[in-house]
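# Notes for the structure review
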Amino acid sequence: MRAEKMYMMNVVGNLKYLESTIKDLLDIGSVELTDSLSQIENNTFIVNINSENIEKTMEFNNVTGFENRDVKELNSIADNLKDIFKIDLKDERLKREYNEDEIKDFYGSIKSKVDKIYHCENQIDENKKELEDLYLIEDLDVSIESLCDMKYFDYRFGYLSKENRLKLKKNYDNIMASVLHLASKNKKEVYVAIYPKDVSIETDRILRSLNWTDININKNRKDIPKEIISKIELENENLGAQISELNQSLNEIYRDNKSKIIDMVISANLLIQLEDVKSLLGRSENYFYLAGWVPESAKSVVQEKLSAYDDMFINFLDADDSGLTPPTKLKNNKFFKPFELLVNMYGTPNYKEIDPTVFFGLTYMLLFGAMFGDLGQGAVMFVAGVLLAKFKDKMMGGLLERIGASSMIFGIFYGSFFGLEGVIPALFLKPFENINKVLIIAIGLGIVLLLMAYVLGLCNNYIFKDVQEGLFGQEGLAGFLLFLLFLLLAATVALELHIVPVGVIAACMLIVIFVMIFKVPLTQLLYKRRPLHNGLDVTGYYVESSFSIIETLISMFSSTVSFIRVGAFAINHVGLFLAFTSIGKMIGTNAGNVAMIIVGNIVILGLEGLIVFIQSLRLEYYELFSKYFKGDGILFQPTIKRI
């Protein structure tokens, strides 16, 4: 399945319809607007030259960008209104649109109250910081004013750690200052140092060597610390009362104008977004020029909406004919939709290549379930997915539902229920009792999946019309044949299945390897082009090609063997639980046994579940995706209304 078909839409409309056109497209929410000026400069913006479009065509040569209008003030107003009135726009819809002047006028009517609240809050914060320092010296009975009035002496408050206090005692004789201990608070030893002003530099050097930390006291304060603290605390109470009074007034305003204020915030955000969108558009004296990607499913809706405007030119060009790189919009059904999350973690599918989501989803569930097959634990994972999808993350929750269901199915196959293998019968086999069989099945499964990945890679090369990689590449037809010959050789040697003589297989492998090494010259010969090596350094090319063949052969072996982990984890899943049940038996009580079963299930669900999740991803990303998936696409991101 490929991504949804895309069209490049070019629109030329009268400037008087500019804002309403943008709003309509934002409401539709299915158009990814692009830089129209860039398209105009690169001659990819299409305007048909005919009698109806003659004026638009004439102005086409004088297209410029829209002037950037400063919307910082409007943005600040919108943020302040949301913050002041604690507005949540999640489920709100615009009922009436307000212009910029109306929004500014309303905000101006409450600005004095808002500014007063911010001023009071800032003053309280400053007072709290001052109080933190004053609390350290609150037992001092000397006024700050008297200390400041000393003519020949200066002072400084500060604190030391207990370790540095000992250093201070040892250096008393070297300090030309009187250092008085005031208090021990919050693991701080608080002091006041009084010293002649003439030795302030030397005193500062000594105190810094002791890691002295100054306590900054406002010298404009006059009283003793306790009185200053009382005044500041009273001031904070008064400021708090003012804030409460102002908030009450604002709450009354909000109660009487709730719908209006919400509409103003939404309108402000819309006006800001309009300016953002305008930066992507071009304009002439009378017309605006708009470009954007439209998926096939939205084409008729967009065309119908824009056709309602007079004198508007609308052109839809197939993405394949546009000469531009279209974004990718995946179109998977609800069942496979959650797997797009994991596919996009690797890379967005190219617009032209086969969407791997369906194949990925089926194989991922198969691999996860095979490695983590347990009816009970799978059911827990499924329920967790349902709850997560309902209350938090729909995509991640849906993913958990599907891999949980897969785990449940394989749990029935394995006869495993919360790690206990005697509760339900096994419909297929018990992994721990059939170790060799399980490992062989795992490798067989890997071979089948790798063959399917090669086939998908061939299909993608055909779609891209990449003859060189499609016929002679490592993931193309030559690589596919080499893998088949590799499997045939392994079966002949390891299983003694003498279907084809070993010499014939080896000869065929050498021919295929030769073709892969000479893929560039062969492609040039096929197209009757010169030079044969397409301008590449010949020596470097053959050295690199030879080493890549070695890498390919190693990769084929490692990719095949890598799937043995599917069987290994299926066995390990049982073995890990057996370890917990053995510990339970060693405890020797029913309560201990039950406790270990519960603990074992929690550990297996959390730890092994995460490991299997990652290992399944590893097999998909490194063993399968590398055969057929490029992931170099651009994700379709429609321009939608921001409220």
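Calculation notes
- Residues numbered from 1 in each chain as written.
- Predicted model: local features only at pLDDT ≥ 70, side-chain atom pairs only at ≥ 80, totals over all residues.
- Heavy atoms only, no water.
- Helix = DSSP H or I, 4+ residues; strand = E, 2+ residues; numbered from the N terminus.
- Rg over C-alpha atoms; globule rule 2.2 N^0.38 Å.
- Buried < 20%, exposed > 50% of the residue type's maximum accessible area, 1.4 Å probe, protein only.
- Contact = heavy atoms within 4.5 Å.
- Areas by Shrake-Rupley, 256 points an atom, 1.4 Å probe, with all protein chains shown as cover.
- Core = buried A, V, L, I, M, F, W, Y, C linked by side-chain atoms within 4.5 Å.
- Domains from an automatic or database assignment.
- Phe/Tyr/Trp six-rings, centres within 6.5 Å; stacked < 30°, edge-to-face > 60°.
- Patch = residues over 30% accessible without salt bridge, like charges linked within 9 Å, V, L, I, M, F, W, Y side chains within 5 Å.
- Salt bridge = Lys/Arg side-chain N within 4 Å of Asp/Glu carboxyl O.
- Pairing = 2+ DSSP bridges.
- Axes fitted to C-alpha atoms, helices over the stretch in contact; angles between N-to-C directions.
- Parallel < 35°, antiparallel > 145°, perpendicular 65-115°, else oblique.
- Left-handed = near helix turned anticlockwise from the far one by under 90°.
- Nonpolar A, V, L, I, M, F, W, Y, C, P; charged D, E, K, R; others polar.

With that settled, consider the overall build of the protein chain. When its secondary structure is counted, the protein chain shows 23 helices and ten strands. Whereas a compact globule of 643 residues would reach a radius of gyration of roughly 26 Å, the protein chain reaches 37 Å, over 25% beyond that. Along the longest, intermediate and shortest principal axes, the C-alpha atoms of the protein chain span 110 × 90 × 60 Å. Every one of the 643 residues in the protein chain was classed for burial, and the buried ones make up 44%. Within the protein chain, counting contacts between residues at least 6 apart in sequence, those at least 24 apart form 78% of the total. A total of about 33800 Å² of accessible surface is found on the protein chain, and carbon and sulfur atoms cover 57% of it.

Turning to the nonpolar core, a few remarks are in order. One finds Leu342, Phe360, Tyr364, Phe563, Val566, Phe613 and Tyr628 to be the most contacted residues of the largest nonpolar core, which totals 58 residues. By residue number, the principal contributor to this core is helix α23 (residues 590-628), which donates nine residues. Aside from chain neighbours lying at most four places away, what touches Phe360 is Phe339, Leu342, Val343, Leu617, Glu620, Tyr621 and Phe625. With 56 residues, the next largest nonpolar core counts Val11, Leu33, Leu74 and Leu270 among its residues.

All right, on to the domain arrangement of the protein chain then. For the protein chain, the assigned domains are domain 1 (6-66 + 281-318), domain 2 (142-223) and domain 3 (336-627). Using only C-alpha atoms to locate each centre, domain 1 and domain 3 end up separated by 47 Å.

With that settled, the discussion passes to the side chain of Ser616. Along the polypeptide, Ser616 turns up in helix α23. Look past the residues within four positions of Ser616 in its chain and what remains in contact with it is Tyr364, Leu367, Phe368 and Met371.

Scanning the model with the defined rule gives 26 aromatic pairs in all. Both rings, one in Phe410 and one in Phe413, keep their centres 5.6 Å apart while their planes meet at 80°; by these two values the pair is edge-to-face. Of the two residues, Phe410 and Phe413 both sit in helix α15 (residues 394-414), three residues apart, roughly one turn of that helix. On the accessibility criterion, Phe410 (15% relative accessible area) is buried.

This brings us to a nonpolar patch on the surface. A cluster of nonpolar residues, Ile409, Ile412, Phe413, Leu427, Phe428 and Ile441, forms a patch on the protein surface that exposes about 550 Å² of accessible area. In terms of residues, the nonpolar patch owes the most to one element, α15, which gives three residues. Along the chain, Ile441 falls in helix α16 (residues 435-464). With relative accessibility at 37%, the residue Ile441 sits in the partly exposed group.

Structurally, the position occupied by Val603 is in helix α23. With relative accessibility at 31%, the residue Val603 sits in the partly exposed group. Expressed as a C-alpha distance, the spacing of Val603 and Asn286, which sit 317 residues apart in the sequence, is 69 Å.

Moving on, we come to the sheet that holds strand β7 (residues 213-215). Overall, antiparallel pairing links the four strands, which are arranged β5-β6-β4-β7 in an open sheet. The strands lining the two open edges of the sheet, one partner per strand, are β5 (178-185) and β7. In this sheet, neighbouring strand axes are inclined to one another by 35° on average, regardless of whether the strands run parallel or antiparallel. Both strand β4 (residues 153-160) and β7 contribute to a ladder of three bridges, which runs antiparallel. Counterpart to Tyr159 in the pairing with β7 is Thr213. Across the sheet, helix α5 (residues 100-136) lies against β4, β5, β6 (188-196) and β7, angled at about 110° from β5, the strand it touches most.

What follows deals with unusual backbone geometry. Cis peptide bonds are those with omega within 30 degrees of zero, and the linkage from Arg530 to Pro531 qualifies with 0°. Note on placement: Pro531 falls in the loop between α20 (519-526) and α21 (538-562). Of note in this structure, Asn211 is not a glycine but carries a positive phi near 60°. Inspection of the secondary structure puts Asn211 in the loop between α8 (200-209) and β7. Although it is not a glycine, Asp311 adopts a positive phi angle of roughly 55°. By the secondary structure assignment, Asp311 is in the loop between α10 (296-307) and β10 (313-318).

The N-to-C vectors of helix α4 (residues 72-85) and α5 enclose an angle of 55°; their axes lie 10 Å apart at closest approach. Taken together, the axes of α4 and α5 lie oblique to each other. α5 is crossed by α4, and the crossing has left-handed handedness. Counted together, Glu73, Leu74, Ile77, Asn80, Leu81, Asp83, Ile84 and Phe85 of α4 and Glu100, Ile103, Lys104, Phe106, Tyr107, Ile110, Val114 and Tyr118 of α5 form the full contact between these two elements. Of the residues that constitute the contact of α4 with α5, the class distribution is eleven nonpolar, one polar and four charged.

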